[in-house]
Amino acid sequence: QVQLVESGGGSVQAGGSLRLSCAASGDTYSSYCMAWFRQAPGKERERVAVISGDGGTTYADSVKGRFTISKDNAKNALYLQMNSLRPEDTGLYYCAAVISTLLCPIAPPEFFRSWGQGTQVTVSS
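Residues numbered from 1 in each chain as written. Predicted model: local features only at pLDDT ≥ 70, side-chain atom pairs only at ≥ 80, totals over all residues. Heavy atoms only, no water.

> Account for the pattern of salt bridges, naming residues and giving values.
Throughout the structure, instances matching the rule amount to four salt bridges. Residue Asp 89 is joined to Arg 38 by a salt bridge in which the shortest nitrogen-to-oxygen separation is 2.9 Å. Of the two residues, Asp 89 is situated in the loop between β8 (77-82) and β9 (91-99) and Arg 38 in strand β4 (residues 32-39); the sequence distance between them amounts to 51 residues. For Lys 64, the salt bridge goes to Asp 61, with nearest N and O atoms at 3.1 Å. The two residues Lys 64 and Asp 61 agree in class, both being exposed. (Salt bridge = Lys/Arg side-chain N within 4 Å of Asp/Glu carboxyl O. Helix = DSSP H or I, 4+ residues; strand = E, 2+ residues; numbered from the N terminus. Buried < 20%, exposed > 50% of the residue type's maximum accessible area, 1.4 Å probe, protein only.)

Put into structure tokens, the structure is as follows:
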């Protein structure tokens, strides 16, 4: 099974940027549906961005125009470029993966089989 490890989180002022990385190892496939989720204390896990095996992307309305999800199949890596960060973006960010499905663009958390440990993102005002 694919193993995922996130990195790149930290503290940043509102308006700043961060680039999160997710390194994959084990059984990795370019056809995987991969996603970034985030969770703030007391809130449900939220799907932030998804990238399908064919490279198609889907974003939560709250991050459209500010975040970009991408992948490098040769490096078995997933990225999330976050610009114009806001305090409400604060949370624990997870990368997740599942063998590609036609439901990838709308896949909820329960669809994903592999998860990273999470990396904290804190945005101060």
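Now that the structure has been shown, the text picks up again.
> I'd like a rundown of the pairing of strand β11 (residues 119-124), residues and numbers included.
Here β11 shows a buried face lined by Thr 119, Val 121 and Val 123 and an unburied face lined by Gln 120, Thr 122 and Ser 124. Relative to β11, strand β2 (residues 10-13) runs parallel, the two being bridged by four bridges. Looking at β11, one finds that Ser 11 is bridged to Thr 122. The pairing of β9 with β11 spans three bridges and is classified as antiparallel. Its bridge partner lying in β11, Leu 92 is registered against Gln 120. (Pairing = 2+ DSSP bridges.)

> Which residues make up a nonpolar patch on the surface, and what values do they have?
Residues Leu 103, Ile 106 and Phe 111 make up a contiguous nonpolar surface patch of roughly 270 Å² in combined accessible area. Summarising the element assignment, Leu 103 is placed in the loop between β9 and β10 (114-115). Exposure remark for Leu 103: the relative accessible area of 40% places this residue in the partly exposed category. (Patch = residues over 30% accessible without salt bridge, like charges linked within 9 Å, V, L, I, M, F, W, Y side chains within 5 Å. Areas by Shrake-Rupley, 256 points an atom, 1.4 Å probe, with all protein chains shown as cover.)

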